[in-house]
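# Survey of secondary and tertiary structure
Chain residues, written in single-letter form:
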Amino acid sequence: MPQNNPQSASNLSMISGQQEAHPTGGYYAFLIIYLALLSAFGSFVNDMYLPTLPDMVRSFHTNTPTVQLGLTFGMIGLGFGELILGPLSDRFGRKPILVVTLIIFCIGAMCSVWSKTIHTFLWWRLVQGLGASGGYFLARTIPADLYKGRALAKVMALVGAINGFAPASAPVIGGLVARSIGWQGIFWILFGFSALLLLLSPALKESLPKSRRVTGHFGAAFKNYGKLAHNRHFVVHVILKGAALGVLFAYISSAPFIIQDHYGYSQLQFGLFMGANALFVAFGATSALHFKPLKKAALWGGRGLVVITGCQFVAFYLIDSVWVYEALNLPMLFCLGMLFTVGNTLAMNEGRECAGDASALIGLMGYVFGAIVSPLVGLGNILHSSAIVIFSMSVIVLIFTRLTRILPADLMPNLQSATATGIPNKETT
C-alpha cells in the first residue's frame, strides 16, 4: 500500500524490529503502569459517577434517559476527540497531544461541578470526553509504536488486566464520595486524576520518533483513515471490538438503575457489585493469551457471550432476582475481557504503521456503539430494554467473531500485513 509518509530503508528497518531495544527494567514497569492509568482514565470518566445517576435525576429535576445522555455526551467527546487527535499524534508525536488533552479535561471537570442545569452539565461532559480521549487512545497507540505480534498482545493484555481494577474501584470510590459530598465531589476526584497524569507525563518518553512521523501538508495525516478503511482485516477487528464495547456500555448504563432503583441497593453497595464484576473483565483479558492463534479466543468469547446474554434475556423477563442477574453478569464480563484483548491486539497489529489513526478508529467505533445503546436501555421497563439491547449487541459480536475466523491466521512476525504483501499470514509465535 502506498504510504503517506515515504520512509527510507533504514526507517523501515527500524519499524520492523531493528529499532532501539524495547523498554526494559524500571522504565518498562513505569510504562505499563502509566499506560494502565491512561486506559483507566477513560473508565473513570464514566464509571465513577455511575452510582450518582439516580440522584442526578432528582438533583436536576429531569428523567432517566436525559441523565444517561451524560454518558452519551462523554462517549461522543471520546470518539470525536480520538478521530481528530489520532492523525495529529502521528504528525506531532504522542506527548504533546497527551499534555494538551489532559489540560482540556481539567477544565471540563471543574466546570461541570458548577453546572446549574442538566443541559450545561451535558455540554461539559462533552468537553470531558474530548479531554479524556487523548490518554485513552494513546494507551493503545504507544504499545503499537514499540511492539508487534504476541509481544504487543502481552502488553495489551497486561495493561487490560491492570486496568480491570479501574472499573472495579471507580464505582466504589464514586459511591463513597457521593455519599459524603455529593456528585460534584466525583468530578473533583477526576480533576485530581488528570492532574496526577500531567505531573507524571515528563517521565514518559516519546514513542514516535520524528523519522516515523507523517510529513507533508496538514491533511496528509488524515489520509490514513482511507487506507485503514480499505483494510478488511482491520475493519473486521475494529467492529468486533466496538460491538463488544457496546455490550459493556449497555450493561454499565443500565446497572445503576437496575441495582439501585429496581432492587433497592445503596450507592456503596452498587459500587461493590460493579467492582467485583469488573475483575472478571481482567481475568478474561489475560486468559485470551492462552489461545493460539489469538483469534480463537474471540470465537469462544463470542459464542459464550451469546449463550449467556440469551439466558439473561430470558431471566430479565421471567426471573426477577438480583442474584440471577449477578450470576449472569460475571461470565458475560469474562467473555468481554477476552474479546477486548483480541480486538485491540489484532486491530492495532494490522494498523501499526499509522498507529494513531488506527487507535482512533478503534476508540471511535466503540463510542459509536456506546453512544447509541446508553439511552436505549433507559426506554420503558429498564429490565426489558436492557435485555433486548444487550442480546442484540451480542449477536453482532458473534457475527464478527465468525468473520474473524475466516481471515488468515493472525500476528504474523513480519511488519507488512497479508493485505499489503499478498503473503499468507501465518502465526509462528
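Time to look at the overall build of the protein. What the protein contains, in helices and strands, is 17 helices and zero strands. By sequence separation, contacts in the protein at least 24 residues apart represent 85% of the contacts at least 6 residues apart. Carbon and sulfur atoms make up 70% of the accessible area of the protein, which amounts to about 16000 Å² in all.

Side-chain pairing between opposite charges can occur once the charged atoms of the two side chains come close. Applying the stated criterion across every chain, the model contains four salt bridges. The partner of Arg58 in a salt bridge is Asp55, with the nearest N and O atoms 2.5 Å apart. Of this pair, Arg58 and Asp55 both sit in helix α3 (residues 53–59), three residues apart, roughly one helical turn. Judged by its relative accessible area of 32%, Asp55 is partly exposed.

Scanning the entire structure with this criterion turns up 19 aromatic pairs. With 5.9 Å between their ring centres and 35° between their planes, Tyr27 and Phe30 make a pair best called tilted. Of the two residues, Tyr27 and Phe30 are both situated in helix α2 (residues 25–47); the distance of three residues between them amounts to about one turn of the helix. According to the relative accessible area criterion, Tyr27 is buried, its value standing at 18%. Both rings, one in Trp188 and one in Phe191, keep their centres 6.0 Å apart while their planes meet at 80°; by these two values the pair is edge-to-face. Taken together, the residues Trp188 and Phe191, both in helix α9 (residues 183–200) and three residues apart, mark about one turn of the helix. Given a relative accessible area of 36%, Trp188 falls into the partly exposed group.

Moving on: the environment of Ala298. When you line up the elements, Ala298 lands in helix α13 (residues 295–318). For Ala298, a relative accessible area of 0% translates into the label buried.

So, about the confidence of the model for the protein. Counting all residues, the mean pLDDT for the protein is 79, and 85% of those residues have values of 70 or more. Note that residues 1–21 has pLDDT below 50 and, in this model, 33 contacts with residues that lie over four places away or in other chains. Confidence drops under a pLDDT of 50 for residues 412–429, and excluding neighbours within four residues, the segment shows 40 contacts in the predicted structure.

Here we take up helix α6 (residues 118–146). With 29 residues, α6 extends 43 Å from end C-alpha to end C-alpha; this agrees with the ideal 42 Å at 1.5 Å per step. At Leu138, α6 is deflected by roughly 35°, the largest bend along its length. Most of α6 sits out of view: 23 of its 29 residues are buried.

Each pair of packed helices can be described by the angle between their axes along with the distance between the axes. Where helix α5 (residues 94–113) meets α6, the closest approach of the two axes is 8 Å, and the angle between their N-to-C directions is 155°. One way to sum up the angle between α5 and α6 is to call them roughly antiparallel. In the crossing of α5 with α6, the sense of the turn from one axis to the other is left-handed. Looking at the contact of α5 with α6 residue by residue, the classes come out as 16 nonpolar, eight polar and two charged.

Turning our eyes to something else, we now look at the nonpolar core. The biggest cluster of nonpolar side chains holds 125 residues, and the ones touching the most others in it are Phe121, Tyr251, Met332 and Leu336. By residue number, the principal contributor to this core is helix α11 (residues 232–262), which donates 18 residues. If sequence neighbours within four positions are ignored, Leu336 has contacts with Ala244, Val247, Leu248 and Leu305.

It is worth spelling out unusual backbone geometry at this point. Phi at His61 takes a positive value of approximately 55°, unusual for a residue other than glycine. When you line up the elements, His61 lands in the loop between α3 and α4 (64–92).

Let us look at the environment of Val324. Structurally, Val324 can be placed in helix α14 (residues 322–350). The exposure class assigned to Val324 is partly exposed, which follows from its relative accessible area of 27%. Along the sequence, Val324 and Cys311 sit 13 residues apart, while their C-alpha atoms lie 9.9 Å from each other.

Look at α14: 41 Å from first C-alpha to last across 29 residues, which is about the 42 Å you get at 1.5 Å a residue. Burial runs high along α14: 23 of the 29 residues are buried. Two to three positions downstream of the cap, the backbone nitrogen of Trp323 sits 3.3 Å from a side-chain oxygen, assigning the N-cap of α14 to Ser321.

Moving on, we get to the side chain of Thr141. Mapped onto the secondary structure, Thr141 falls in helix α6. Accessibility expressed as a relative area gives 0% for Thr141, which makes it buried. Ignoring anything within four residues of it in the chain, the contact list for Thr141 reads Arg94, Met348, Ala355, Gly356 and Ser359.

What follows covers the packing of α13 against helix α16 (residues 382–405). It is at 8 Å that the axes of α13 and α16 come closest, and there the two elements cross at 160°. Taken together, the axes of α13 and α16 lie roughly antiparallel to each other. Considering only the axes of α13 and α16, their crossing is left-handed. Split by residue class, the contact of α13 with α16 holds 15 nonpolar, nine polar and four charged.

Conventions and cut-offs
Residues numbered from 1 in each chain as written. Predicted model: local features only at pLDDT ≥ 70, side-chain atom pairs only at ≥ 80, totals over all residues. Heavy atoms only, no water. Helix = DSSP H or I, 4+ residues; strand = E, 2+ residues; numbered from the N terminus. Contact = heavy atoms within 4.5 Å. Areas by Shrake-Rupley, 256 points an atom, 1.4 Å probe, with all protein chains shown as cover. Salt bridge = Lys/Arg side-chain N within 4 Å of Asp/Glu carboxyl O. Buried < 20%, exposed > 50% of the residue type's maximum accessible area, 1.4 Å probe, protein only. Phe/Tyr/Trp six-rings, centres within 6.5 Å; stacked < 30°, edge-to-face > 60°. pLDDT = per-residue confidence, 0-100. Expected span 1.5 Å × (residues − 1). Bend = angle between axes of the 7 residues up to and from the residue. Axes fitted to C-alpha atoms, helices over the stretch in contact; angles between N-to-C directions. Parallel < 35°, antiparallel > 145°, perpendicular 65-115°, else oblique. Left-handed = near helix turned anticlockwise from the far one by under 90°. Nonpolar A, V, L, I, M, F, W, Y, C, P; charged D, E, K, R; others polar. Core = buried A, V, L, I, M, F, W, Y, C linked by side-chain atoms within 4.5 Å. Polar contact = N/O pair within 3.5 Å; in protein donor to acceptor, adjacent residues only side chain to side chain.

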